[in-house]
Amino acid sequence: MGIRLLLILLTLWVLYISVRRYIRRREKNDVNRQNKIADNMVQCKFCGTYLPESEALKNNSDFFCSKEHLTQQNHDH
Ligand SMILES: [Zn+2]
């Protein structure tokens, strides 16, 4: 009886670990998906380089990869 109880506990433990690992992997995938949506790629209006919106400089509705390009673009007008 003791060995059977031990086997049942072991099976439950393995199931518990598997389920936990499965849930954690699913959560990680969800976070990755959200990051991709948040990191929307935008194009520098001056040189055409693509960069994440979070790193880009915004001027009205235009995006720039650096402060230099933002000011150079403004000087042209
Ligand atoms: Zn640029």
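It should be noted that the structure appears before, not after, this text.
In every chain, residue numbers begin from 1 and rise along the written sequence. Local features in this predicted model are restricted to residues of pLDDT 70 or higher, and side-chain atom pairs are both shown and tallied only at a pLDDT of 80 or more, whereas totals for entire chains, interfaces and linings draw on every residue. With hydrogens and water excluded, all non-hydrogen atoms of the structure serve as input to the side-chain values.

Bringing the overall build of the protein into the picture now. Secondary structure elements are defined from DSSP: runs of H or I of at least 4 residues count as helices, runs of E of at least 2 residues count as strands, and each element is numbered from the N terminus. Looking only at helices and strands, the protein features two helices and four strands. Reading the protein from its N terminus to its C terminus gives the helix and strand order α-β-β-β-β-α. We call two residues in contact whenever any of their non-hydrogen atoms come within 4.5 Å of each other. Sequence separation of 24 or more characterises 10% of the internal contacts of the protein that already satisfy a separation of 6 or more. Here the accessible surface of atoms and residues is derived via Shrake-Rupley with a 1.4 Å probe, and residues count as covered only by protein chains that are part of the display. Surface summary for the protein: the accessible area is close to 7000 Å², and the carbon and sulfur share equals 57%.

It is worth spelling out the side chain of His69 at this point. Structurally, the position occupied by His69 is in helix H2 (residues 67–76). Each residue is placed in one exposure class: buried if its accessible area under a 1.4 Å probe, protein chains only, is under 20% of its type's maximum, exposed if it is over 50%, and partly exposed if it falls in between. Take His69: its relative accessible area is 17%, and that puts it in the buried class. With sequence-adjacent residues up to four places away left out, His69 is seen in contact with Cys44, Phe46, Cys47 and Phe64.

The next point concerns a nonpolar patch on the surface. Nonpolar side chains collect at one region of the surface, where Ile3, Leu7, Leu10, Trp13, Val14 and Tyr16 lie side by side and expose about 690 Å² of accessible area between them. Along the chain, Leu7 turns up in helix H1 (residues 2–38). Patches were defined on residues exceeding 30% relative accessible area and lacking a salt bridge, with like-charge contacts within 9 Å and nonpolar side-chain contacts (Val, Leu, Ile, Met, Phe, Trp, Tyr) within 5 Å. Each reported salt bridge corresponds to a side-chain nitrogen of Lys or Arg within 4 Å of a carboxyl oxygen of Asp or Glu.

With that settled, the discussion passes to unusual backbone geometry. Of note, Asn60 is a non-glycine position whose phi angle comes to about 55°, a positive value. Relative to the elements of secondary structure, Asn60 occurs in the loop between strand S3 (57–59) and strand S4 (62–64).

We now examine the coordination of the zinc ion. As a rule, N, O and S atoms within 2.8 Å of a metal are its donors, except that Na, K and Ca use 3.2 Å; water is not among the atoms, so sites may look incomplete. In the first shell of the zinc ion, the protein supplies Cys44 (SG), Cys47 (SG), Cys65 (SG) and His69 (ND1), at 1.9 to 2.3 Å from the metal. Only two sets of limits are used to name each site, 85 to 135 degrees for every angle of a tetrahedral four-donor site, and over 155 degrees for opposite donors with all other angles from 65 to 115 for a square planar four-donor or octahedral six-donor site, with any other site named irregular. Seen from the zinc ion, its four donor atoms lie at angles of 98 to 120°, and the figure they make is tetrahedral. Taken in sequence order, the residues that donate to the zinc ion follow the motif C-x2-C-x17-C-x3-H. Here the residue Cys44 occupies a position in the loop between strand S1 (41–43) and strand S2 (50–52), and Cys65 occupies one in the loop between S4 and H2, the gap between them amounting to 21 residues.

What follows concerns the pattern of salt bridges. Under the counting rule described, the total for this entry stands at one salt bridge. Between Asp62 and Lys45 there is a salt bridge, and its shortest N-O distance comes to 3.4 Å. Separated by 17 residues along the polypeptide, Asp62 in strand S4 and Lys45 in the loop between S1 and S2 bring together distant segments of the chain. Judged by its relative accessible area of 23%, Asp62 is partly exposed.

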